[in-house]
Amino acid sequence: METNTSRNSSSAAMLRQGNNMSALIATVLLLVVLVAAQVAAAFNAAYTPSRTLTSPRTTLIGYSDLRFTTKLYSTTADSTKNTYRGAGDKKTSKHAKSNNSKSPAKKVKPTSRSVAIAALANAAAASNSCEAEMNAGSFATRQLEEDNYYKLLEPRDKAFARLLVATVQRRLGQIDGVLACCVNKLPSGKNKHLVQATLRVGAAQLLFLKKPSFAVVKETVEVLRIHHKVTYSVKSTHVPEPMIKFVNGVLRKLSRKDDDTDKMYALTLLDEKTSSRDNIAPWLLESWERDWGIETTNLICDEIMPRDERSITPHIDLTTKQSIGFSLGLDGGMDRFNRLVEELGDDSTVLSQGSIRVGVNGDVREWPEYNEGTWWVQDCAATLPGIVLTRALYDRNSGDVSNLRVVDMCAAPGGKTSQLLSAGFQHVTAIEANPRRCQRLKKNLDRLRFDKDKYDVVVKEGQKWSPTNRIDGVLVDVPCSATGTGSRRPDVLRRESDISELLEIQEVLADHCAHILPAGGIMVYATCSLLKEESEDQVKKLVEKGLVETIPIQPSEVPGFEDAIDENGWMRVIPGVLNGDMGSADGFFAARLIKK
């Protein structure tokens, strides 16, 4: 009996324990279900867009407004610690850290897009002020040309990289205007210049180069993905995935079809929100309209900012050691001149005043007779000061200038110095105030193999230099705004409006050159500016002081530029105004004067 009672008690205890275990399991299962529901809700909240894009016009994309990607793909990432919080947040996920701790990725071959973006980003990163950033364009070109990866690209890829950089430089105002319609705020931090450059290059292709939109988005965004695998002049780092998605979102938005206009949204914004004048500083446009009128200003803008970038035919003007003789009507050395033209190819043309215009094709250092020092790069308009100075001295001395001494003020990079040396003067003194530019001047003269007994290079401010021997002529190409070179250096079109320091230097240099000349000495005052206050107005002031008077430039001296001679006998070359090949020449001014 006792045995049965004991067994019954044991069974009851086991039953109670089983019931308790079942209750515990049920409780645990309920908790698991509740937790799973919360996790699913958090996941849906994190990855469900906060707004629907029904039209490209409806949304601005702002990097700072997101935790995971962009406003367009808005998320809430605060629910998990393992989520990347954005470029400006110091907290990163464990997963992100583990990725960064991996061994360095295998290097990949750069593309034309990657070297162009790197050049633009590095140029912007090197800027320390707003003005420097606006003028970073010429530095970007230099960055590109000095990039070892650029040098290894195939000629076709090199040309495309140059086109990308040039288009961004030339159309920066319009490109940024279009991006501003889509982007609320750009990322900050160490990758901001890279992201900005990538957006600009992508937009440039969609807006002006008419590249297939799918390829533009895919291949431009890919630059950010491979950035850490390519070694540039600055340390390459991983670009955070949110930044990559941000750029992808912006470019995809621009590349979509706009239902209202039935064309790409980027092109709609370009037409409705921007104009070519956005690429030029307002003060400069106002100055041109005041100096030349609205019609001529429009011609300038059309020449330096053509409506279709693909219509631009890149070219380089070369001056040879025989060019000055060509302009003077001399026959010496013309066999070599003609042979060079033939070697340069079918796309080379001899211009009326002696330059050779060549279509851009590969590295100029690989062109015929570069190493022999036969020619140098110089815009055809920039040859005019040297031509008219040489012509005046040549005529006055019955064609013999071998006993005359001339000076080239502000001589770097050396094009006009080289012209004067080629003309056969007894001695040429090249004055340059900037030591770095002076080194470039010396290097160029060395390559051109001129007789070093025939010239001196002096590192000194021109207004502080005085001759120890008689001089017969002086060419002073004064420091200026360089606004005439806008087609090649678009950055100068966005420079600051204050040029008062330049104006002062110009006047001081002009006065000094007039004083150091003996009676009867010839002076040529020149600028590559399209502003009268730097050019015509400075010469008028100098003439009014009574030291010099004008020797009018004759049409026969400057073939192709006859229509650029004004009522004073001065040269005023304006881009887009002259007919034929000279219409694409740089803006330039030259006045020839004689000391009383």
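Everything below is about the structure printed above this text.
Everything quoted here is computed from the prediction, not taken from an experiment.

Rules used in this analysis
- Residues numbered from 1 in each chain as written.
- Predicted model: local features only at pLDDT ≥ 70, side-chain atom pairs only at ≥ 80, totals over all residues.
- Heavy atoms only, no water.
- Axes fitted to C-alpha atoms, helices over the stretch in contact; angles between N-to-C directions.
- Helix = DSSP H or I, 4+ residues; strand = E, 2+ residues; numbered from the N terminus.
- Parallel < 35°, antiparallel > 145°, perpendicular 65-115°, else oblique.
- Left-handed = near helix turned anticlockwise from the far one by under 90°.
- Contact = heavy atoms within 4.5 Å.
- Nonpolar A, V, L, I, M, F, W, Y, C, P; charged D, E, K, R; others polar.
- Patch = residues over 30% accessible without salt bridge, like charges linked within 9 Å, V, L, I, M, F, W, Y side chains within 5 Å.
- Areas by Shrake-Rupley, 256 points an atom, 1.4 Å probe, with all protein chains shown as cover.
- Salt bridge = Lys/Arg side-chain N within 4 Å of Asp/Glu carboxyl O.
- Lys, Arg positive; Asp, Glu negative; His and termini not counted.
- Charge placed at Lys NZ, Arg CZ, Asp CG, Glu CD.
- Core = buried A, V, L, I, M, F, W, Y, C linked by side-chain atoms within 4.5 Å.
- Buried < 20%, exposed > 50% of the residue type's maximum accessible area, 1.4 Å probe, protein only.
- Pairing = 2+ DSSP bridges.
- Right-handed = clockwise from strand over helix to strand, strands pointing away.
- Phe/Tyr/Trp six-rings, centres within 6.5 Å; stacked < 30°, edge-to-face > 60°.
- Lys NZ or Arg CZ within 6 Å of the ring centre and 35° of its normal.

Draft legend 1. The packing of helix 9 (residues 192–209) against helix 10 (residues 213–226), seen in detail. Remark: helix 9 packs on helix 10, axes separated minimally by 10 Å, with the N-to-C direction vectors making an angle of 165°. Accordingly, the angle class assigned to the pair helix 9 and helix 10 is roughly antiparallel. The two elements helix 9 and helix 10 cross, and the hand of that crossing is right-handed. Mapping the contact onto sequence places Leu-194, Thr-198, Gly-202, Gln-205 and Leu-206 in helix 9 and Ser-213, Val-216, Thr-220 and Leu-224 in helix 10. Split into classes, the residues belonging to the contact of helix 9 with helix 10 amount to 4 nonpolar, 5 polar and no charged.

Draft legend 2. Layout of a negative patch on the surface. A contiguous patch of negative charge, built from Glu-496, Asp-498, Glu-501 and Glu-504, is present on the exposed surface. Among the structural elements, Asp-498 can be located in the loop between strand 12 (473–477) and helix 20 (500–516).

Draft legend 3. Broad picture of the nonpolar core. Counting 69 residues, the largest nonpolar core has Ile-280, Trp-288, Phe-561, Met-571 and Val-573 as its most contacted members. Tallying contributions element by element places helix 17 (residues 384–396) first for this core, with 7 residues. Those residues within four positions of Met-571 in sequence are excluded, and the remaining contacts are Leu-384, Ile-553, Val-558, Phe-561, Ala-564, Ile-565, Phe-588, Phe-589 and Ala-590. Among the nonpolar cores identified, the runner-up in size contains 51 residues, and Leu-144, Phe-160, Leu-194 and Leu-206 belong to it.

Draft legend 4. Representation of the pairing of strand 13 (residues 522–527) within the structure. In terms of residue burial, strand 13 counts as a mostly covered element, since 6 of its 6 residues are buried. Residues Ile-522, Val-524 and Ala-526 line one face of strand 13 and the alternating positions Met-523, Tyr-525 and Thr-527 line the opposite face, and both faces are buried. Of the pairings in the sheet, the one linking strand 12 to strand 13 comprises 5 bridges and is parallel in character. Paired with Val-476 across the two strands is Tyr-525, which belongs to strand 13. A crossover links strand 12 with its parallel partner strand 13, the connecting element being helix 20, and its sense is right-handed. Note that strand 13 and strand 16 (residues 588–595) share 6 bridges and pair antiparallel. By the bridge assignment, Ala-526 is partnered in strand 16 with Ala-590.

Draft legend 5. View of the packing of aromatic side chains. What the rule picks out here adds up to 5 aromatic pairs. Feature note: the residues Trp-367, Tyr-370 and Trp-375 constitute an aromatic cluster, connected by ring pairs. Its end group placed over the ring of Tyr-370, Arg-447 keeps NZ or CZ at 4.1 Å from the ring centre. Residue placement shows Arg-447 over the ring face of Trp-375; its charged tip is 5.6 Å from the ring centre.

Draft legend 6. Inspection of the sheet that holds strand 6 (residues 348–350) at higher detail. Within the open sheet, the 4 strands sit side by side as 6-7-5-8. Their pairing is antiparallel. Taken across any chain shown, the strands that pair with only one partner, and hence form the sheet edges, are strand 6 and strand 8 (375–377). Taken over all neighbouring pairs, the strand axes of this sheet differ in orientation by 30° on average, direction set aside. Bridging between strand 5 (residues 315–320) and strand 8 involves 3 bridges; their strand directions are antiparallel. Bridge pairing links Leu-318 to Val-377 in strand 8. Packing of helix 16 (residues 334–344) onto the sheet brings it into contact with strand 5, strand 6, strand 7 (356–359) and strand 8, and relative to strand 7 it is tilted by some 15°.

Draft legend 7. Representation of the pattern of salt bridges within the structure. Scanning the model with the defined rule gives 21 salt bridges in all. Note that Lys-416 and Asp-477 form a salt bridge whose closest N and O atoms lie 2.7 Å from each other. Within this pair, whereas Lys-416 is found in helix 18 (residues 415–423), its partner Asp-477 is found in strand 12, the two being separated by 61 residues in sequence. We note a salt bridge from Arg-572 to Glu-536, for which the minimum N-O separation is 3.0 Å. Separated by 36 residues along the polypeptide, Arg-572 in strand 15 (residues 571–573) and Glu-536 in helix 21 (residues 536–544) bring together distant segments of the chain. The pair formed by Arg-572 and Glu-536 is uniform in burial state, with each residue classed as buried.

Draft legend 8. Molecular detail of the environment of Ser-481. Of note, Ser-481 is situated in the loop between strand 12 and helix 20. The buried category is assigned to Ser-481, whose relative accessible area is 0%. When near neighbours in sequence (up to four residues on either side) are disregarded, Ser-481 contacts Val-492, Arg-495, Leu-502, Ser-529, Leu-531 and Glu-534.

Draft legend 9. Structural context of helix 13 (residues 282–292). Those residues of helix 13 lying buried are Trp-283, Leu-284, Leu-285, Ser-287, Trp-288, Asp-291 and Trp-292. On its buried face, helix 13 is in contact with helix 14 (294–304), helix 21 and strand 15. In the stretch just after helix 13, Gly-293 is the one whose phi turns positive, near 95°.

Draft legend 10. Highlighting unusual backbone geometry. Cis peptide bonds are those with omega within 30 degrees of zero, and the linkage from Ala-412 to Pro-413 qualifies with 5°. Mapped onto the secondary structure, Pro-413 falls in the loop between strand 9 (405–409) and helix 18. Its identity is not glycine, yet Asp-262 carries a phi of approximately 60°, on the positive side. If you trace the backbone, Asp-262 turns up in the loop between strand 3 (257–258) and strand 4 (263–264). Here Cys-410, not a glycine, exhibits a phi torsion of approximately 55°, which is positive. For Cys-410, the location among the structural elements is in the loop between strand 9 and helix 18.

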